[in-house]
Structures are given as structure tokens and as C-alpha cells.
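# Commentary on secondary and tertiary structure
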Amino acid sequence: MTAVAIRPRWSPPPSLRLVGRRLLMVVPIILGVSILTFWVLALIPGNAAQQLLGPEATPEQIRALELELGLDRPAVLRYLDWLGGAVTGDLGTSLVNGQSVTGQIAERMAVTAELVALAFVVSLGLAVPVALLAAYRPNRLFDRVSMLVSITGLSVANYVLALLLVLVFAVELTLFPAIGFVPLSEGVAGNLHSLALPAAAIAFPLFCFYTRFLRGDLVDQLQGEDYITTARAKGIGPWQVLLRHAFRNSAFGLITVVGLNLGTLLGGTVIVEQIFALPGMGQLMLQAINTRDATVVQGCVVVFAVVAVLANLAADLLYAVLDPRIRYGSR
């Protein structure tokens, strides 16, 4: 009798299982954010009907417009309707102008994405070399100056910094425009010129935070870790020890911090876009809040949440790529 070989069942690779687990966690988080946002918006006094008709409107007029907009329906039913559309990518229509919320967000997202990307590139591009130089010779003049700048920068809110930048570089020196946005399609130079001050207002606090975080972690590792002592005992030069050993380990923490920062960064764009009159998602959300346009606010918050969660997911996956033990661990 011939033995039949049993083929082993296919099992996804560990990295794929890690992605699957992380994606499953995204769903309840986004659902929770959408429910919380809808609930908070329902509790806020006033609605789009009252805002559109103004203070002179009679209760009958307000009631009629509420019926027309569907605001008389129970909040649970309105949320379920919204959720059914959101699953298919339809975030509803604006209560104020009747336009598609998905379309408005898609139109504004490019400006916010470019602003955030520029701020990230500038802040990280400056913070990493500054932190490395500061950690190379701690407590020297360069280190002390960089830490003083970092602490000062962390003490200033980005909207205050934005106003100072406008006052100095737009009003006094007239080097950059105070408001306005030039689309990328009209030229890279003009586009970057219009985004220079808003990107600086967002990037500078990030630069300060990343510099302080990375410098502190590098110094701790250089002064207290056994593998650093071993590397030095092997005759490896100080710059190689710093770059190849200490910085590689510190990069794990920096990746996590960058991923977590994205949610805060998106929140910061709301005020900065308003100050510099940038037609991004932050400005759209602020206008929607002023007009009580709950559908637009709901859509913006959910999109912000999705981006923040996916950024954290990307940070987790990058972390796993850099440290293979995590791919097979229990995280």
C-alpha cells in the first residue's frame, strides 16, 4: 500500500500575520472615534438649520429646514445612515452647501498633506544631525545651545510662533507672503514660497522635540549600555559607535514617536491653516464648526483619525522591519 503524502496547510508568513492583526485593530478604533464624534456633535447646542437661517428666523422656519435636512430624525438612525455610506467611501453631503463631503475633503487633503509632509521632512532632516552632534560631545557648547533652543521651542505654541513668523518675515522683512497658497501645478518655487512660513510654524516645535528626544536617548545609550563598551573595546571609532550602534537602537524610539506625533500634527494644522489662509482640511473643519455643519466635521475627524492610525500602523511595521524579533513576538 502506497503512503499518501499529506501536504502541510499553507500558513501566512509572520510579517503578513502582523499586518493582519494591526489592520483588525484599526477597525474598532475608527468606529469608536466616529461614534464619539457623532455623539459630541449631537450634544452641542444649535444645528446647521439655526445657523443657516440666522437669529431672525422663526421656530417654524427652523423646524421646516430641520425636516428638510433630516435633522429631526433620531441621532442613532442618522449615525447608522452615515456609517452605511462611510463604509463605501461616501461621507455624506454638507448640510450647508449640499456638496459631497468626500469630494471636499479630497480637494483639501492635498494642501494639508503637502504641509504636513514638508514639516516632517524639515523637522526630521534638521533634528537628526543636530541630535547626533549634540550627543557626540554632551555638555559642550553645541549641546547646551541645542538644548536651550529645544526647550525654548517646546515652550512656544505653534499658533504663537506662526504669528511671530508673520510679523518678522512677512510684515517687517517682506520675504514671504503672510497669507495665501500657490498650488504645486503653478510652479514648485511659488508653491514652496507660499508654504515656507506655515511649514516652519509646524516644523520648529517638532524639530525641538525630536532633537531633545533623540539626543537624550543617544547619550543614555553611549554612557550606559554594555554593547557600546564592547564596541569601543574592539577599537571601533567614536563616530562609528554613534552612527552604527547607538543611533540604530535610538531610531526605534524615534520611529514610534514620529508615528504618534502625526495625530497631534494634524490637529496643529487646523490653527496654522486658518492663520495663513491655506485651503486645507484644517480650514475646512474650522469653517464647518462655525456653521454647525456636523457632516463635514464628522468626515474631517474620521479622516484625521484614519491617517493617524495608519501612521501608527506604518511605524509598527517599520519597527518590525528594523527589529526582526518583533515580527515573531507577541506584540
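Residues numbered from 1 in each chain as written. Predicted model: local features only at pLDDT ≥ 70, side-chain atom pairs only at ≥ 80, totals over all residues. Heavy atoms only, no water.

## Section: the nonpolar core
- Core analysis: the largest hydrophobic core is formed by 66 residues, its most contacted members being I105, F120, Y210 and F276.
- Each residue touching F120, except ones within four places of it in the same chain, is listed here: G125, L206, Y210, V258, L262 and L265.
- The next biggest cluster of nonpolar side chains, apart from the first, holds seven residues, and it includes A49, I62, L65 and L95. (Core = buried A, V, L, I, M, F, W, Y, C linked by side-chain atoms within 4.5 Å. Buried < 20%, exposed > 50% of the residue type's maximum accessible area, 1.4 Å probe, protein only. Contact = heavy atoms within 4.5 Å.)

## Some details on the pattern of salt bridges
- Across all of its chains, the model carries two salt bridges by this definition.
- Residue R73 pairs with D81 through a salt bridge whose shortest N-O separation is 2.7 Å.
- On the accessibility criterion, R73 (33% relative accessible area) is partly exposed.
- Note on D81: relative accessible area 44%, which makes it partly exposed.
- Note that D143 and R215 form a salt bridge whose closest N and O atoms lie 2.7 Å from each other. Residue D143 is located in helix α6 (residues 141-154), and its partner R215 is located in helix α8 (residues 188-224); the two are separated by 72 residues in the primary sequence. Taken individually, D143 and R215 each receive the classification buried, so the pair is uniform in this respect. (Salt bridge = Lys/Arg side-chain N within 4 Å of Asp/Glu carboxyl O. Helix = DSSP H or I, 4+ residues; strand = E, 2+ residues; numbered from the N terminus.)

## A short note on the confidence of the model for the chain
- When pLDDT is averaged along the chain, the result is 85, and 92% of the positions lie at 70 or above.
- Taking the mean pLDDT of every element in the chain, the minimum, 54, falls on helix α13 (residues 325-328) and the maximum, 92, on helix α5 (residues 101-136). (pLDDT = per-residue confidence, 0-100.)

## Points about the side chain of D293
- Note on placement: D293 falls in the loop between α11 (281-290) and α12 (294-322).
- In this structure D293 is buried but unpaired, with R78 as the nearest side chain of opposite charge at 10 Å.
- Separated by 2.4 Å, the side chains of D293 and S94 make a polar contact.
- Excluding anything up to four places from it in sequence, D293 contacts S94, L95, V96 and A288. (Lys, Arg positive; Asp, Glu negative; His and termini not counted. Polar contact = N/O pair within 3.5 Å; in protein donor to acceptor, adjacent residues only side chain to side chain.)

## Quick notes on unusual backbone geometry
- Here the phi dihedral of N139 falls at roughly 70°; this positive angle occurs in a residue that is not glycine.
- Not every positive phi belongs to a glycine, and A277 is a case in point at roughly 55°.
- Looking at the secondary structure, you find A277 in the loop between α10 (238-275) and α11.

## With respect to helix α3 (residues 59-69)
- Among the residues of α3, those classed as buried are I62, L65 and E66. For α3, the angular spread of the buried residues around the axis is 105°, confining them to a single face. In this structure, α3 carries E60 and E68 as exposed residues pointing more than 90 degrees from its buried face.
- Of the residues flanking the end of α3, it is G70, one or two places downstream, whose phi is positive at about 80°. (Arc of directions from axis to C-beta.)

## Digging into the layout of surface pockets
- Approximately 640 Å³ is the volume found for the largest pocket.
- Forming the boundary of the largest pocket are 28 residues, of which L71, R78, L95, A294 and T295 lie nearest the centre.
- By volume, the second largest pocket amounts to about 260 Å³.
- Around the second largest pocket, the lining comprises 15 residues; the ones closest to its centre are I30, L31, A86, V302 and V306.
- Every element with two or more residues in the lining of the second largest pocket is listed here: α1 (14-43), α4 (75-87) and α12.
- Ranked by residues supplied to the lining of the second largest pocket, first place goes to α1 with six residues.
- Of the residues belonging to the lining of the second largest pocket, the class tally is 12 nonpolar, three polar and no charged. (1 Å grid on protein atoms, 1.4 Å probe; cavity = no way out; pocket = protein on both sides within 12 Å on 5 of 7 lines; lining within 4 Å. Points joined across faces, edges and corners; volume = space filled by probe spheres on them. Nonpolar A, V, L, I, M, F, W, Y, C, P; charged D, E, K, R; others polar.)

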